[in-house]
Amino acid sequence: MDKQLTLVMDYDGTLHDSCAIYEPAFRQAMLVLEEKGWIEHKEYTTEEIVYWVGFSAAEMWSRFHPELSAKQRESAAELVGRYMRDAMENGAARLYPGTVQQMDALKERFKLIFLSNCSRDYMETHIRIFGLDKWFDEFYCTGDYDFAPKEQVFAEHIYREGNTYIAVGDRMKDLALATNCGLRSVGCLYGFGSPEELVGADVLIDDISQLSSALDKII
């Protein structure tokens, strides 16, 4: 294994099928906010809900309901987070089929770095539930850095001269990391981003089972 060759991997929509816990939590939270009179009732499609996967909670709420006060947006984000944690603890979280096999294989070939737009609590819960530390060498969540962009976290805290990095992810945030930091990239079309978001990725894949072969093409 060449430890100088490093994968910087997104989590939600790349390894973790977030829809299983995010959509129910989102719908529960919306009902509470409607009951409080903070927002008007609306029926949301799954596509409208999962669009927000990959955004930090602060950015999501500032764009989703900018009319709410900062305190209300913070309360709404905490509500969704609490429902998601409850779902995780009750066994509802799931990795994409084939993730375990791919990660076992990648661990033999690469240094693996976790980089997600999430809070430390969310990250640590997933580490515990799925044993992510058996695969990843380092863990970074943007919540530790005031939800700075991934490219800033990478440049200031992850990058080491002499290493070669490849970004893997499903959203515009991951492609921005690759583009702004000069990294090769794999775009995951099976996640929550649109194909348009991933234009410019070096290789696109439709299933996580294709990840190893995609990396072979890049290397």
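Residues numbered from 1 in each chain as written. Predicted model: local features only at pLDDT ≥ 70, side-chain atom pairs only at ≥ 80, totals over all residues. Heavy atoms only, no water.

Some remarks on the overall build of the chain
The helix and strand inventory of the chain stands at nine helices and six strands. Relative to its length of 219 residues, the chain is compact, with a C-alpha radius of gyration of 17 Å against a globular reference of 17 Å. In terms of principal-axis extent, the alpha carbons of the chain reach across some 55 × 35 × 30 Å. The 219 residues of the chain split such that 52% are buried. The contacts of the chain with a sequence gap of at least 6 include a subset with a gap of at least 24, amounting to 67%. In the structure as shown, the chain presents an accessible area of about 10300 Å², 49% of it carried by carbon and sulfur atoms. When the 22 positive and 37 negative side-chain charges of the chain are each reduced to one mean point, those points stand 2 Å apart. (Helix = DSSP H or I, 4+ residues; strand = E, 2+ residues; numbered from the N terminus. Rg over C-alpha atoms; globule rule 2.2 N^0.38 Å. Buried < 20%, exposed > 50% of the residue type's maximum accessible area, 1.4 Å probe, protein only. Contact = heavy atoms within 4.5 Å. Areas by Shrake-Rupley, 256 points an atom, 1.4 Å probe, with all protein chains shown as cover. Lys, Arg positive; Asp, Glu negative; His and termini not counted. Charge placed at Lys NZ, Arg CZ, Asp CG, Glu CD.)

A short note on the pattern of salt bridges
A complete count under the given rule lists 16 salt bridges for this structure. In this structure, the salt-bridge partner of Arg-85 is Asp-121, at a minimum N-O distance of 3.5 Å. Within this pair, whereas Arg-85 is found in helix H4 (residues 70-89), its partner Asp-121 is found in helix H6 (residues 120-130), the two being separated by 36 residues in sequence. We classify Arg-85 as partly exposed; its relative accessible area is 33%. Of the charged contacts, one joins Arg-120 and Asp-144 as a salt bridge, the two residues approaching to 2.6 Å between their closest N and O atoms. Of the two residues, Arg-120 sits in helix H6 while Asp-144 sits in the loop between strand S3 (138-141) and helix H7 (150-158), which places them 24 residues apart along the sequence. What emerges from the salt-bridge pattern is a single network uniting Asp-10, Lys-150 and Asp-174. (Salt bridge = Lys/Arg side-chain N within 4 Å of Asp/Glu carboxyl O.)

Here's the deal with the sheet that holds strand S1 (residues 5-9)
With parallel pairing, the six strands of this open sheet are ordered in space as S3-S2-S1-S4-S5-S6. Every other strand in the sheet has two partners, leaving S3 and strand S6 (203-205) as the edge strands with one partner each. Across the sheet, the axes of successive neighbouring strands diverge by a mean angle of 20°, strand direction being ignored. Pairing of strand S5 (residues 184-188) with S6, which is carried by three bridges, proceeds in the parallel orientation. The residue bridging Val-186 from the neighbouring strand is Val-203, located in S6. Across the sheet, H6 is in contact with strand S2 (111-116) and S3; its angle to S3 comes to roughly 145°. Against the sheet, helix H9 (residues 211-218) contacts S1, strand S4 (164-169), S5 and S6, and its axis sits at roughly 155° relative to S5. (Pairing = 2+ DSSP bridges. Axes fitted to C-alpha atoms, helices over the stretch in contact; angles between N-to-C directions.)

Remarks on the layout of surface pockets
In this model, the largest pocket occupies a volume close to 770 Å³. Considering the residues around the largest pocket, the lining is formed by 35 residues, among which Ser-56, Ala-57, Ala-77, Gly-81 and Ser-119 are closest to the centre. Secondary structure elements with two or more residues in the lining of the largest pocket: helix H3 (57-64), H4, H6 and helix H8 (172-181). When residues of the lining of the largest pocket are assigned to their parent elements, the largest contribution, ten residues, is made by H4. (1 Å grid on protein atoms, 1.4 Å probe; cavity = no way out; pocket = protein on both sides within 12 Å on 5 of 7 lines; lining within 4 Å. Points joined across faces, edges and corners; volume = space filled by probe spheres on them.)

So, to be careful, I would describe these as geometric facts and stop short of saying anything about function.
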